[in-house]
Amino acid sequence: MQELHDAPLAPLTTFRLGGPATRLITATTDAEVIAAVRDADDTGTPLLLIGGGSNLVIGDKGFDGTALHIATRGLTLDGTTLELAAGEIWSDAVARTVEAGLAGVECLAGIPGSAGATPIQNVGAYGQEVSSTITEVTAYDRRSQETVALSNAACDFSYRHSRFKAEPERYVVLRVRFELEDARGFSAPVRYAETARALGVEPGDRVRLTAARDTVLKLRAGKGMVLNPDDHDTWSAGSFFTNPILTDEEFAAFRARVAERLGDAVEPPAFPAGDGRIKTSAAWLIDKAGFTKGYGAGRPARISTKHTLALTNRGEATTEDLLALAREVVAGVRDAFGVTLVNEPVTVGVRL
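These numbers were taken from a predicted model, which means no experiment stands behind them.

Colleague: How would you explain the overall build of the protein chain if you had to name every residue and give the values?
Modeller: Helix and strand content of the protein chain: 9 helices and 20 strands. Scaling as 2.2 N^0.38, a compact globule of 352 residues should have a C-alpha radius of gyration of about 20 Å, and the protein chain matches this with 20 Å. With the C-alpha coordinates of the protein chain rotated into their principal frame, the extents come out at 60 × 50 × 40 Å. When burial is assessed residue by residue, the protein chain has 50% of its 352 residues classed as buried. By sequence separation, contacts in the protein chain at least 24 residues apart represent 61% of the contacts at least 6 residues apart. For the protein chain, the distance from the average position of its 37 positive side-chain charges to the average position of its 46 negative side-chain charges is 4 Å.

Laid out in structure tokens, this is it:
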């Protein structure tokens, strides 16, 4: 277990932003993770957990406490069962499942970050969510001070949400178990329209696993959503805002605002979200409110030139630069359409 003091945190995040931590511990085993967490809890020291750093916005002043970088490793494939240590690199794990001919997470290829973060955020993209394949999460419960196993149902998964996100100070994810499908080298049914179009198939069809994975990687790269240190469009947290989910009444009011602003012929994106609710597109809202690709040119933080949902560090930005842009986008969308966007990344020491 490595320990550093006054340690920079920006290099541990995909934004490459944020000040130093009073203390930074890098843990490579579950026992080290638990020991570091217990020490922080016993001494009343604020604790920040860092995995792949792809979903963090850390303030410029840094973190006054212990930052715990979870760098555990371990990947086990037993038939169709996959178990990952929390610190495993997610994109590498997806690649292994495709190589093994197992379906279920192939459309989550190229997503940055660590395996331990996937159940927290219920990571999803291109028609797949990890909640569809996760069977068990092993975590350290800081309240009971013991290691616990939570079933899929106990994780309370919903859109970009989970029990772990609802109780951020309670659980530390240690390992995640998935049940995949042996579909003889074919993918799970393709659910996302954009992916189906790119593959030249109909939604619900299956394709070769490698074709599904490669197509998703190409789509993500075209939107700046595959990490590349030489491309500032990827110095981001991916999608900065979640897609708004509205009640029927809220959607009707939103639709009226769209007609008033853009004309009666324009229909906003609408997708059933269950319980009489409708999901719309954050990217569409941002674009139609006037924040197009590359918005903020010449500023140290601006919208990606490839995708309106990504806010990016152009190399010299501060966290405050990023937040100023995010607040501008939120205010602009609210003024235009009456919908308030919610940030997807976790903020540390700052608020949107």
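Colleague: I'd love a proper account of the packing of aromatic side chains, names of residues and values included.
Modeller: Counted according to the given criterion, the structure contains 10 aromatic pairs. Between the aromatic rings of Phe 164 and Tyr 171, the centroid separation amounts to 5.7 Å while the plane-to-plane angle is 80°, which identifies the pairing as edge-to-face. The class of Phe 164 is buried, set by a relative accessible area of 5%. When the centroid spacing of 5.0 Å and the interplanar angle of 80° are considered together, the rings of Phe 291 and Tyr 295 count as edge-to-face. According to the relative accessible area criterion, Phe 291 is buried, its value standing at 6%. Arg 16 extends its terminal NZ or CZ atom over the ring of Trp 235, reaching a point 4.1 Å from the ring centre. A cation over an aromatic ring shows up here: Lys 279 above the ring of Tyr 159, its NZ or CZ 4.5 Å from the ring centre.

Colleague: Break down the nonpolar core for me, citing the residues and quoting the values.
Modeller: Within the largest apolar cluster, 35 residues are counted, with the highest numbers of intra-cluster contacts made by Phe 241, Phe 254, Ile 286, Val 329 and Leu 341. Looking at this core, the elements that each hand over two or more residues are helix 7 (248-262), helix 8 (282-288), strand 18 (301-303) and helix 9 (319-337). The dominant element in this core, judged by the number of residues it contributes, is helix 9, at 9 residues. Setting aside anything within four residues of it in sequence, one finds Phe 254 in contact with Leu 246, Pro 268, Thr 280, Trp 284, Leu 285, Phe 337 and Val 339. Ranked by size, the runner-up nonpolar core spans 31 residues in total, among them Trp 90, Val 94, Ala 115 and Phe 164.

Colleague: Describe the sheet that holds strand 3 (residues 47-50), and please don't skip the residues or the numbers.
Modeller: The sheet built from 4 strands is open, its strands ordered 1-2-5-3 with mixed pairing. In this open sheet, the two edge strands, each paired with only one partner strand, are strand 1 (2-8) and strand 3. The average angle at which neighbouring strand axes cross in this sheet is 25°, direction not considered. As paired strands, strand 2 (residues 20-27) and strand 5 (residues 63-70) are joined by 6 bridges and run parallel to one another. For Ala 21, the partnering residue across the bridge sits in strand 5 and is Phe 63.

Colleague: Report on the sheet that holds strand 16 (residues 271-272), specifying residues and quantitative values.
Modeller: One open sheet accounts for 3 strands, arranged 15-17-16; its pairing is antiparallel. Of all strands in the sheet, those bounded by a partner on one side alone are strand 15 (245-247) and strand 16. Pairing analysis gives 2 bridges linking strand 16 to strand 17 (residues 277-279), with the strands arranged antiparallel. Bridge pairing in strand 17 links Pro 272 to Ile 278. Taken strand by strand, helix 7 contacts strand 15 and strand 17, and its axis lies near 100° from that of strand 15.

Colleague: So, the environment of Gly 53: which residues are in play, and what are the values?
Modeller: One can find Gly 53 in the loop between strand 3 and strand 4 (56-58). By relative accessible area, Gly 53 is classed as buried at 6%. In this structure the C-alpha to C-alpha distance between Gly 53 and Val 346, which are 293 residues apart in sequence, comes to 10.0 Å.

Colleague: Explain the side chain of Thr 234 to me, and be specific about the residues and the numbers.
Modeller: Summarising the element assignment, Thr 234 is placed in the loop between helix 6 (209-222) and strand 15. Polar contacts involving the side chain of Thr 234 include one to the main-chain carbonyl oxygen of Asn 228, which spans 2.8 Å. If sequence neighbours within four positions are ignored, Thr 234 has contacts with Thr 14, Gly 224, Val 226, Leu 227 and Asn 228.

Colleague: Explain the pattern of salt bridges to me, using residue names and the numbers behind them.
Modeller: Under the defined criterion, the tally for this structure stands at 22 salt bridges. Notably, a salt bridge pairs Arg 170 with Asp 141, separated by 2.9 Å at the nearest N-O pair. Here Arg 170, found in the loop between helix 4 (163-166) and strand 13 (171-179), pairs with Asp 141, found in strand 11 (residues 134-141); they are 29 residues apart in sequence, far enough to count as distant. This pair shows no difference in class: Arg 170 is buried, exactly as Asp 141 is.

Colleague: Tell me about empty space enclosed by the protein, and name the residues and values.
Modeller: Under the counting rule described, the total for this entry stands at 1 cavity of 30 Å³ or more. Looking at the largest cavity, its volume works out to about 60 Å³. Lining the largest cavity are Thr 14, Pro 112, Arg 220, Gly 224, Met 225, Leu 227, Thr 234, Ser 236, Ala 237 and Gly 238.

Colleague: Explain the layout of surface pockets to me, and be specific about the residues and the numbers.
Modeller: Approximately 280 Å³ is the volume attributed to the second largest pocket. Around the second largest pocket sit 17 residues that line it, and Ile 89, Ser 91, Pro 112, Gly 113 and Leu 227 are the ones nearest its centre. Taken together, the residues of the lining of the second largest pocket break down into 7 nonpolar, 9 polar and 1 charged.

Cut-offs and rules
Residues numbered from 1 in each chain as written. Predicted model: local features only at pLDDT ≥ 70, side-chain atom pairs only at ≥ 80, totals over all residues. Heavy atoms only, no water. Helix = DSSP H or I, 4+ residues; strand = E, 2+ residues; numbered from the N terminus. Rg over C-alpha atoms; globule rule 2.2 N^0.38 Å. Buried < 20%, exposed > 50% of the residue type's maximum accessible area, 1.4 Å probe, protein only. Contact = heavy atoms within 4.5 Å. Lys, Arg positive; Asp, Glu negative; His and termini not counted. Charge placed at Lys NZ, Arg CZ, Asp CG, Glu CD. Phe/Tyr/Trp six-rings, centres within 6.5 Å; stacked < 30°, edge-to-face > 60°. Lys NZ or Arg CZ within 6 Å of the ring centre and 35° of its normal. Core = buried A, V, L, I, M, F, W, Y, C linked by side-chain atoms within 4.5 Å. Pairing = 2+ DSSP bridges. Axes fitted to C-alpha atoms, helices over the stretch in contact; angles between N-to-C directions. Polar contact = N/O pair within 3.5 Å; in protein donor to acceptor, adjacent residues only side chain to side chain. Salt bridge = Lys/Arg side-chain N within 4 Å of Asp/Glu carboxyl O. 1 Å grid on protein atoms, 1.4 Å probe; cavity = no way out; pocket = protein on both sides within 12 Å on 5 of 7 lines; lining within 4 Å. Points joined across faces, edges and corners; volume = space filled by probe spheres on them. Nonpolar A, V, L, I, M, F, W, Y, C, P; charged D, E, K, R; others polar.

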